[in-house]
Amino acid sequence: MKQFFVLNQENLDLSKGEVLALTISKKCKLIDNLLILDNKEKLDRLAMTKSIYKLLFITTQKQLIKKIKSFDWQKEYKENFRIRLHHFTNLTEKDLAKYVYEKIKNPKVNLENPTTSYEFFFVKNKVIAGKLLYELNEDFKLRHPQYWPEHHPSGMKPRMSRCLINLTGIKKGKFYDAMCGAGGFLIEAGLMGFSVVGYDLDEIMVRRAEINIKHFGIKNFKVKKQDATKIKHKIKYLATDLPYGKSTRKLNRNEVYLAFLKNLKKILKGTAVIVFPDFSPYKKLIKEANLEINREFSVYIHHTLTRKIVVIKQ
Ligand SMILES: C[S@@+](CC[C@H](N)C(=O)[O-])C[C@H]1O[C@@H](n2cnc3c(N)ncnc32)[C@H](O)[C@@H]1O
């Protein structure tokens, strides 16, 4: 089924990457912030998508009324409907509704909570018509690090954590964070239903992660003190936010990154998503470890920090 995803505009590249990491079809078209592609799986786990539609048609503004008059609205209709317009246009919802109304047997309108929501997006001289499949309105605010019982300044915001987990492409199996800190990735992956494993060199962080994970009612987890540069077992899905606080000295930092990457080369049998600070020579280090960058995204945090999110596959 052709669908379109209304992407979060804050970082379009990342939003698109997240969808493509979870869909089989890699053939897609991006019009403004609408990503059109073939998909039949329910993807309500996406963090950077606002809503998902079945694509009905694409036309021009000039041809719109003609297209609406000829389209089989009955085929897509269930119980009741409403029309919604997105972006600027001089047409109103009522203008379009009257034509749709004429094409449905015993039509019922429901503006508040319709079973069928026909929506029109006016973008770049085109009109993209879709039927709403579902909206993604996960409330991430309540899981912000400031509400964790053991919160820590290094904690990543839950929406971003979830996006990075999705970039690993995990659909089932174990999710790993090799440097889990206070447990941000593990909380999100655990709430998504995966069995989660976290390692950290610092015993206090291990304890913190454990308390935080339990706080969110996650049962299927393991956290333990472990040096990430010395993990021995194979890993299929991993996301790790490398330490880059001021306390981690430059020389020491690059050594830790390289040791971690060299070990990753030995143990990775799937996809790893690694977060580097932009001021690190991450490309050089990845090459030195004999690994290859599959995808790369930039996320601006503040004027001295941009995160580099690197996807590595083996
Ligand atoms: C940036 S924090 C991770 C934050 C985490 N993503 C979160 O949202 O809470 C990095 C963590 O790496 C740990 N660390 C540093 N070197 C390590 C190593 N060699 N092995 C395992 N953990 C390490 C630090 O103790 C720190 O807790």
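Scope of this entry: the structure provided in the associated data block. (Residues numbered from 1 in each chain as written. Predicted model: local features only at pLDDT ≥ 70, side-chain atom pairs only at ≥ 80, totals over all residues. Heavy atoms only, no water.)

This part is about the pattern of salt bridges. Inspection of the entire model under this criterion finds 19 salt bridges. One salt bridge in this structure joins Glu 188 and Arg 143, with 2.7 Å as the shortest N-O distance. Of this pair, Glu 188 sits in helix α6 (residues 184–191) while Arg 143 sits in the loop between β7 (126–135) and α5 (158–167), and the two are 45 residues apart along the sequence. Pair check on accessibility: Glu 188 and Arg 143 agree, each one buried. Of the charged contacts, one joins Glu 150 and Arg 208 as a salt bridge, the two residues approaching to 3.5 Å between their closest N and O atoms. Residue Glu 150 is found in the loop between β7 and α5, and its partner Arg 208 is found in helix α7 (residues 203–215); the two are separated by 58 residues along the sequence. Accessibility expressed as a relative area gives 22% for Arg 208, which makes it partly exposed. The network of salt bridges with shared partners includes Arg 82, Arg 84, Glu 119 and Glu 135. (Salt bridge = Lys/Arg side-chain N within 4 Å of Asp/Glu carboxyl O. Helix = DSSP H or I, 4+ residues; strand = E, 2+ residues; numbered from the N terminus. Buried < 20%, exposed > 50% of the residue type's maximum accessible area, 1.4 Å probe, protein only.)

Here we take up a nonpolar patch on the surface. Taken together, the side chains of Tyr 101, Val 109 and Leu 111 make up a nonpolar region of the molecular surface, amounting to roughly 310 Å² of accessible area. Structurally, the position occupied by Tyr 101 is in helix α4 (residues 93–102). By relative accessible area, Tyr 101 is classed as partly exposed at 41%. (Patch = residues over 30% accessible without salt bridge, like charges linked within 9 Å, V, L, I, M, F, W, Y side chains within 5 Å. Areas by Shrake-Rupley, 256 points an atom, 1.4 Å probe, with all protein chains shown as cover.)

Further remarks concern the sheet that holds β7. The strands making up a sheet associate through backbone hydrogen bonding, with each pair oriented either parallel or antiparallel. Taken in spatial order, the seven strands line up as β2-β3-β1-β4-β7-β6-β5 in an open sheet, and their pairing is mixed. Where the open sheet ends on each side, the last strands, each with one partner, are β2 (28–31) and β5 (81–86). Looking at each pair of strands side by side, their axes are set apart by 30 degrees on average, direction ignored. Sheet topology note: the β2/strand β3 (residues 34–38) ladder contains four bridges and is antiparallel. From the neighbouring strand, Leu 30 faces β3, where its bridge partner is Leu 35. Across the sheet, helix α1 (residues 12–22) touches β1 (2–7), β2, β3 and β4 (49–60), and the angle it forms with β1 is around 145 degrees. Where α4 meets the sheet, it contacts β5 and β6 (116–123), and its direction lies at approximately 140 degrees from that of β5. (Pairing = 2+ DSSP bridges. Axes fitted to C-alpha atoms, helices over the stretch in contact; angles between N-to-C directions. Contact = heavy atoms within 4.5 Å.)

The next subject is the nonpolar core. Ranked by internal contacts, the top residues of the largest apolar core, which has 36 residues, are Leu 14, Met 160, Leu 164, Leu 167, Phe 175 and Ile 309. Every element with two or more residues in this core is listed here: α5, α6, α7, β11 (235–241), β12 (268–277), β13 (293–302) and β14 (305–313). In terms of residues, this core owes the most to one element, α5, which gives five residues. Lining this core are residues from two domains, each supplying at least three of them: domain 1 (2–135) and domain 2 (141–313). In this structure, Val 197, Ile 235, Tyr 244 and Ile 286 belong to the second largest nonpolar core, which totals 29 residues. (Core = buried A, V, L, I, M, F, W, Y, C linked by side-chain atoms within 4.5 Å. Domains from an automatic or database assignment.)

Looking now at the packing of α5 against α6. The interhelical angle for the contact between α5 and α6, taken along N-to-C directions, is 70 degrees, at an axis separation of 9 Å. On the basis of the axis angle, α5 is roughly perpendicular to α6. The way α5 lies across α6 gives a crossing that is right-handed. Touching Pro 158, Ser 161, Arg 162, Leu 164 and Ile 165 of α5 are Gly 184, Phe 185, Glu 188, Ala 189 and Leu 191, all from α6. Of the residues belonging to the contact of α5 with α6, the class tally is six nonpolar, two polar and two charged. (Parallel < 35°, antiparallel > 145°, perpendicular 65-115°, else oblique. Left-handed = near helix turned anticlockwise from the far one by under 90°. Nonpolar A, V, L, I, M, F, W, Y, C, P; charged D, E, K, R; others polar.)

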